[in-house]
Amino acid sequence: MITVKKTNEIAKMRVAGRITGDALKYIEERIKPGVTTAEINAAIHEYIVSQDAIPSFLHYHGYPASACVSVNDVIVHGIPGDYALREGDIVSVDVGVVKDGWQGDAARTFAVGKISADAQKLIDVTRESFFEGIKHARAGRRLGDLSAAIQRHAESHGYGVVRAMVGHGIGRQMHEDPSVPNFGTAGTGVLLKSGYTIAVEPMINAGTFKLTIDNDGWTARTADGSLSAHYENTILIRDGEPEILTL
Ligand code: MF3
Ligand code: CO
């Protein structure tokens, strides 16, 4: 069941979304060589708590941290630890927040110091594919329009679009209906309505879309060892342009 959010609920999602987006800005300034992924997680945890909000990922299905920190070939769900970032790495940080019972979810991929032109292009195209997708995120369009636009942009650069994990509806729960794939067929799928809130999150590999999961049960890596980038925002569907709640 897809829920239409009421005006007062949307107001609360804006607050949760702002904290989520601000947590990512807070961490962006702190990403540099030598910083460990555990330090990134700790900083995000403290930031969220300082806003009287709750980190939604912590203990979610047993997930052990408040952020996912995914380096280089890790696509998503990297568990923070003692790895220290190195110049030239790319690092995806995914953050979820609950404020006053409502959720925000967003992710960015950051450069660590100076990175290769290829890595920067992957980050840029992943972000662009999100914005290509949300051109179709408006009442009256179908979800497949959004999915197909993301896929088309990423694949036009020769990249692999992850299939095994997708975006999602979001509201009181982090994961609600509908599923929001980053691949699909225009003109098909759920009819979008004003008041739907969804997390759109392309996960794009420099190589093929295939992935493996580490023995920790979480860490998703590219099967071919290629780099991967992630870009996610929580958005509100409206009659016109969508509102991005987590910028
Ligand atoms: N943004 C991710 C998602 O939509 C975050 C979930 S990570 C978890 O699924 F640790 F909380 F599971
Ligand atoms: Co998400």
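Note that the structure is a prediction, hence the values are computed from the model and not measured.

(A) Here's a closer look at the side chain of S56. Relative to the elements of secondary structure, S56 occurs in the loop between β1 (54–55) and β2 (67–71). Those residues in contact with S56 that lie beyond four places of it in its chain are G96, V97, V98, Q103 and M174.

(B) Main features of the packing of helix α3 (residues 117–134) against helix α4 (residues 143–156). For the pair α3 and α4, the least separation of the axes is 8 Å and the interaxial angle reads 150°. If you check the angle between α3 and α4, you find them roughly antiparallel. Considering only the axes of α3 and α4, their crossing is right-handed. Residues V125, E128, S129, E132 and G133 of α3 pack against L146, A149, I150, H153 and A154 of α4.

(C) Summary view of the pattern of salt bridges. Inspection of every chain in the model, using the stated rule, returns 12 salt bridges. Ionic pairing is found between K5 and E176, a salt bridge with its closest N-O pair at 3.1 Å. Here K5, found in the segment before α1 (7–28), pairs with E176, found in strand β8 (residues 176–180); they are 171 residues apart in sequence, far enough to count as distant. The class for E176 is buried, based on a relative accessible area of 17%. In this structure, E155 and R163 form a salt bridge, with 3.7 Å as the shortest nitrogen-oxygen distance. The exposure class assigned to E155 is partly exposed, which follows from its relative accessible area of 38%. Judged by its relative accessible area of 27%, R163 is partly exposed. Counted as one network, the salt bridges with shared partners bring together R14, R238 and E243.

Rules behind the numbers
Residues numbered from 1 in each chain as written. Chains lettered and ligands numbered in written order. Predicted model: local features only at pLDDT ≥ 70, side-chain atom pairs only at ≥ 80, totals over all residues. Heavy atoms only, no water. Helix = DSSP H or I, 4+ residues; strand = E, 2+ residues; numbered from the N terminus. Contact = heavy atoms within 4.5 Å. Axes fitted to C-alpha atoms, helices over the stretch in contact; angles between N-to-C directions. Parallel < 35°, antiparallel > 145°, perpendicular 65-115°, else oblique. Left-handed = near helix turned anticlockwise from the far one by under 90°. Salt bridge = Lys/Arg side-chain N within 4 Å of Asp/Glu carboxyl O. Buried < 20%, exposed > 50% of the residue type's maximum accessible area, 1.4 Å probe, protein only.

No statement about biological role is implied by the geometric values presented.
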